[in-house]
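Results of the structural survey
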Amino acid sequence: MRPAPPPFPWLRAFEATARHLSMTRAAAELNVSASAVSQQIASLEAYLERPLFRRANRRLMLTASGALIAPKLGNALNLLHEAIDDSLPARRRQTLSVKVTTSFGSQWLMNRLDGFRTRHPNLTVQVSATAEPIESDRSTAEIEIRYGTGDWPDVEASLLVEEYIFPVCHPDLLRRKPALTSPKDLARHDLIDVPGYPQGWSDWLRAAKISFDWMKHRIAVDQSVMAIQLALEGRGVALGRSPLIQRELADGRLVAPFPRQVKTGAGYWVVHRRRNAEARKMLAFKTWLLTQTSASPPKITRARNKSSHS
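Now for a description of the structure that goes with this document. Model, not experiment: these values are computed from the prediction.

**Observations concerning the pattern of salt bridges**
For the structure on display, the rule yields 13 salt bridges. One salt bridge connects Arg206 with Asp203, and the closest N-O pair in it is separated by 3.5 Å. Here Arg206 and its partner Asp203 are both found in helix α7 (residues 201-207), three residues apart, which amounts to about one turn of the helix. The partner of Glu233 in a salt bridge is Arg235, and the shortest N-O contact between them spans 3.6 Å. The partly exposed category is assigned to Glu233, whose relative accessible area is 43%. The network of salt bridges with common partners includes Glu248, Asp251 and Arg253.

So this is what it looks like as C-alpha cells:
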C-alpha cells in the first residue's frame, strides 16, 4: 500500500509559494497568515525529509526537489479544480470575460489565475488580448486591465500596479566584454526598445544623467514579451517594466545591473463600465486583483559584475 499523502493544506501552501516564489503572496492568495504558510511548508519538508526552498540573495528559490514536485502538484490541483467545476450544476457556473494586453496577460496575470480559481471555483475567467475596449458597443469584455494613467471618461478605473523602468539583462552579459559596470557602458551594448510606450530609454538615460545616441544601438520590437525574450537570450539590455519582469528577476534569469528606477507615471488599471460596478462576479475578480499587488516600488538589488580578469 502507498503511504498516506501529506495533508492537503501543506500541499496547497507549497504549490502557491512555488508559483509566486513568495510566502507573503501565497498567504494572501490562501487567505491565511505568512507564518501559517511557513509552518505548513516546514511540516511538508519534514514529511518528505528534504528541503523544498532555499534563500539566495534574499530571494526564495526552489531546490531541485521542489522544482521536481511543483509542476506535478500544480497539474494535480488543476485537475482537482476541473473536476469540481464539472460537478457543479450549470446554473452555478459563471463566466467572466477579461480583456488584457498580451504582455501583461502572459507576464503577470496568467501565473496568478490559479489563485482566483481556488477562491472562486464556480467562476471561469476567459482572457482575451484582442477584444474591443469595454467602452465600445461591440465589446464582449466585462472587465479590462489597461495600461495608462487612468484618465479615461465613462469608465471606472482602479490602479492595480504602478510602473517603474530600469535596465535588465541576462546574468551572463555581466561576465562578458564590453563591461557593464556603470550606466555609461550602455553605449557599447545593444539596447532593446519597445517604441509604443510614452516613456522609454530616453527617460531612464536622462534620469541617470547619461548622454549618448542610444538609437545607434537600438533593437526595436513591438511587444514587451519580445523584448523580455531577447534579454533572456542575452541579445542585449532591455528596459525592464516592473510589472512585467517580476518572475524573471525573482528567479535570477534577468538581473538589474544598476539600481536606479524611474517612475513613469503610468501603470495598469482595473477598468469596467460604471453600470457594472455592482456585478457580483466582476466585483469578486476586481477585489482579488487588487490583493495581488503592492503599492511599494519594486525591490531590486544591483547585480554584481562577476567578469574575470583572465
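**Notes on the side chain of Lys286**
Structurally, Lys286 is set in helix α10 (residues 280-289). Within polar-contact distance, the side chain of Lys286 engages the side chain of Ser158 at 3.3 Å. Those residues within four positions of Lys286 in sequence are excluded, and the remaining contacts are Ile143, Glu156, Ser158, Val270 and His272.

**Details of the packing of helix α2 (residues 23-30) against helix α3 (residues 34-48)**
Any two packed helices are characterised by how steeply their axes cross, that is the angle between the axes, and by the distance between the axes. Packing of α2 against α3 leaves a shortest axis separation of 8 Å and a crossing angle of 105°. Classified by the angle their axes make, α2 and α3 are roughly perpendicular. Of α3, the residues touching α2 (which contributes Met23, Ala26 and Ala27) are Ala34, Val37, Ser38 and Ile41. Classifying every residue of the contact of α2 with α3 by side-chain character gives six nonpolar, one polar and no charged.

**Digging into unusual backbone geometry**
Cis geometry is adopted by the peptide bond preceding Pro178, which originates at Lys177 and carries an omega value of 5°. Here Pro178 shows up in the loop between β6 (155-168) and β7 (191-193). One non-glycine residue with positive phi stands out, namely Leu21, at about 50°. Relative to the helices and strands, Leu21 resides in the loop between α1 (8-20) and α2.

**Remarks on the pairing of strand β1 (residues 53-56)**
Pairing between β1 and strand β2 (residues 59-62): four bridges, direction antiparallel. In the sheet register, Arg54 faces β2, and the bridge partner there is Met61.

Reading the values: the criteria
Residues numbered from 1 in each chain as written. Predicted model: local features only at pLDDT ≥ 70, side-chain atom pairs only at ≥ 80, totals over all residues. Heavy atoms only, no water. Salt bridge = Lys/Arg side-chain N within 4 Å of Asp/Glu carboxyl O. Helix = DSSP H or I, 4+ residues; strand = E, 2+ residues; numbered from the N terminus. Buried < 20%, exposed > 50% of the residue type's maximum accessible area, 1.4 Å probe, protein only. Polar contact = N/O pair within 3.5 Å; in protein donor to acceptor, adjacent residues only side chain to side chain. Contact = heavy atoms within 4.5 Å. Axes fitted to C-alpha atoms, helices over the stretch in contact; angles between N-to-C directions. Parallel < 35°, antiparallel > 145°, perpendicular 65-115°, else oblique. Nonpolar A, V, L, I, M, F, W, Y, C, P; charged D, E, K, R; others polar. Pairing = 2+ DSSP bridges.

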